[in-house]
Amino acid sequence: MSDGSVAGHRLLVRDLAQLVTAPAAASAPLRGPALGELELVENAFVLCEGGIVAATGSMRELAAHGLDGDVEELDGSGLCAIPGLVDCHTHPAFLGDRVEEFSLRAGGASYEELHAAGGGILSTVRATRAGDPKELTAAVRRHADWMLHAGTTTFEGKSGYGLDRVTELSSLEAVAAADGVPTWLGAHAVPPEFGDADAYIEFVLAEVLPSAAELAEAADVFVEGGAFSVEQARRYLTACGEAGLALRLHGDQFNELGAVELAIELGARSIDHLEATGESGVRKLAASDVAAVLLPASALFLDRPMPPARVLADAGAAIALATDFNPGSAFCESLPLVCSVACTQLHLSPAEALAACTVNAAHVLGLAERRGRIAVGQDADLVLLDAPDWRHLAYHLGGDLIATVIRRGAVAWAS
């Protein structure tokens, strides 16, 4: 998924019906009322130079920017421009599928029952270990292309389906090779060759962390019954932080076990899921700098309660949206679909949903100064929607609205 940008290349996207973005001056992450305050320009243009946004505005202002020399022009008539979408929580490094489990779950088996029977995460671990690095790299690139076609210009990708040294490191390398932001989810589950979680944590910290810290941007852990306890997660994340990695947690997906408090204690970038988070957790997150990454496609896919997005947003918490793309609990690469679910089930407005999967998601990845807005000086990542109003992004449930995807000032995909 190469960005295709060329030094000195200029691209003018002109005659756009609408351009919408979070205000350039607003501090990330956006919270409270600011989450829903977007800037809208009609009959707009975007000028990209060398992969960076050089100018934006209404077409009547274009002449003031002087376009001498070579400029590639792209007709945006009838299209709406939004920032390139940022997916800050995905699991793209896997082989095989879990369609049989999907069928069993449709017949009544629970996610927890499948996991306890050796299915779930560990079934994907077996399939992924059985492949080789070339197959894994090809799979991640394929998954990244799916995301790109859905408007995602920046994605985070986790390891976690290897749970051994070789496959975990190959997963991180595959994510980086696909221009993703690698996260080491070394503590995703306990593989069968280890007797307990403590023994496995000891292994990954001694044998995998030193190399993973050279490849990854962040570390993640699954805090849940049957996975890792708060105490085990604290040990894992503390060591990862000392190795220079940003910290993230899967927490409160099925049970409240203290993951929110741990995330705040350790100064984590985010805690993700939160389907089981109650009033106390909401208040604590709202008073903290930890972002709440909400994954409604996962809740929908598993027929679980939705995370308390409206309550979190109204309390002033920093919220982001992501797909949780993975083969078991959220086989969905579409942030537009996530925006639809966020509006209809999480009761966010279209503006709040867009900000949550652009500027706020970029903040979770430490990229808010470069990604997530269409603003002068930012990376020229934008998506053109074949719709009369940008809100069709969420309004058209599962709609095929992506006309063109631009990454770093070059067309990366067109319908």
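Residues numbered from 1 in each chain as written. Predicted model: local features only at pLDDT ≥ 70, side-chain atom pairs only at ≥ 80, totals over all residues. Heavy atoms only, no water.

A. Here's a closer look at the overall build of the protein. Within the protein, the regular secondary structure consists of 15 helices and 16 strands. Whereas a compact globule of 415 residues would reach a radius of gyration of roughly 22 Å, the protein reaches 21 Å, a difference of no more than 12%. Counting only C-alpha atoms, the protein reaches 70 × 45 × 45 Å along its principal axes. When each of the 415 residues of the protein is scored for burial, the buried share is 58%. Surface summary for the protein: the accessible area is close to 15400 Å², and the carbon and sulfur share equals 50%. (Helix = DSSP H or I, 4+ residues; strand = E, 2+ residues; numbered from the N terminus. Rg over C-alpha atoms; globule rule 2.2 N^0.38 Å. Buried < 20%, exposed > 50% of the residue type's maximum accessible area, 1.4 Å probe, protein only. Areas by Shrake-Rupley, 256 points an atom, 1.4 Å probe, with all protein chains shown as cover.)

B. Just the packing of aromatic side chains, in detail. Under the definition given, this model contains eleven aromatic pairs. Arranged with centres 6.3 Å apart and planes meeting at 80°, the rings of F94 and Y161 form a pair that is edge-to-face. Here the residue F94 occupies a position in the loop between β6 (85-87) and α1 (99-106), and Y161 occupies one in the loop between β7 (152-158) and α5 (165-177), the gap between them amounting to 67 residues. The two residues F94 and Y161 agree in class, both being buried. Seen in terms of ring centroids, W146 and F331 are 6.1 Å apart; in terms of plane orientation they differ by 70°. Their pairing is edge-to-face. (Phe/Tyr/Trp six-rings, centres within 6.5 Å; stacked < 30°, edge-to-face > 60°.)

C. How the structure looks around the side chain of H188. Within the secondary structure layout, H188 lies in the loop between β8 (181-187) and α6 (197-215). According to the relative accessible area criterion, H188 is buried, its value standing at 4%. Within the local environment of H188, its side chain forms a polar contact with the backbone oxygen of G160, the two atoms lying 3.0 Å apart. (Polar contact = N/O pair within 3.5 Å; in protein donor to acceptor, adjacent residues only side chain to side chain.)

D. The arrangement of unusual backbone geometry in detail. Note that the residue after A28, namely P29, is joined by a cis bond; omega there is 0°. Along the chain, the position of P29 falls in the loop between β1 (10-21) and β2 (39-49). Phi at N43 takes a positive value of approximately 50°, unusual for a residue other than glycine. Mapped onto the elements, N43 comes out in strand β2. Not every positive phi belongs to a glycine, and H347 is a case in point at roughly 65°.

E. Spatial organisation of the nonpolar core. Formed by 100 residues in total, the largest nonpolar core has its most connected members in W184, Y236, L249 and L321. Top contributing element to this core by residue count: α6, with eight residues. Membership of the second largest hydrophobic core comes to 16 residues, among which are A44, V46, I374 and I406. (Core = buried A, V, L, I, M, F, W, Y, C linked by side-chain atoms within 4.5 Å.)

F. Spatial organisation of the pattern of salt bridges. Counted according to the given criterion, the structure contains 21 salt bridges. One salt bridge in this structure joins R10 and E49, with 3.6 Å as the shortest N-O distance. Here the residue R10 occupies a position in strand β1, and E49 occupies one in strand β2, the gap between them amounting to 39 residues. By relative accessible area, R10 is classed as buried at 14%. The class of E49 is partly exposed, set by a relative accessible area of 33%. Of the charged contacts, one joins D379 and R370 as a salt bridge, the two residues approaching to 3.5 Å between their closest N and O atoms. (Salt bridge = Lys/Arg side-chain N within 4 Å of Asp/Glu carboxyl O.)

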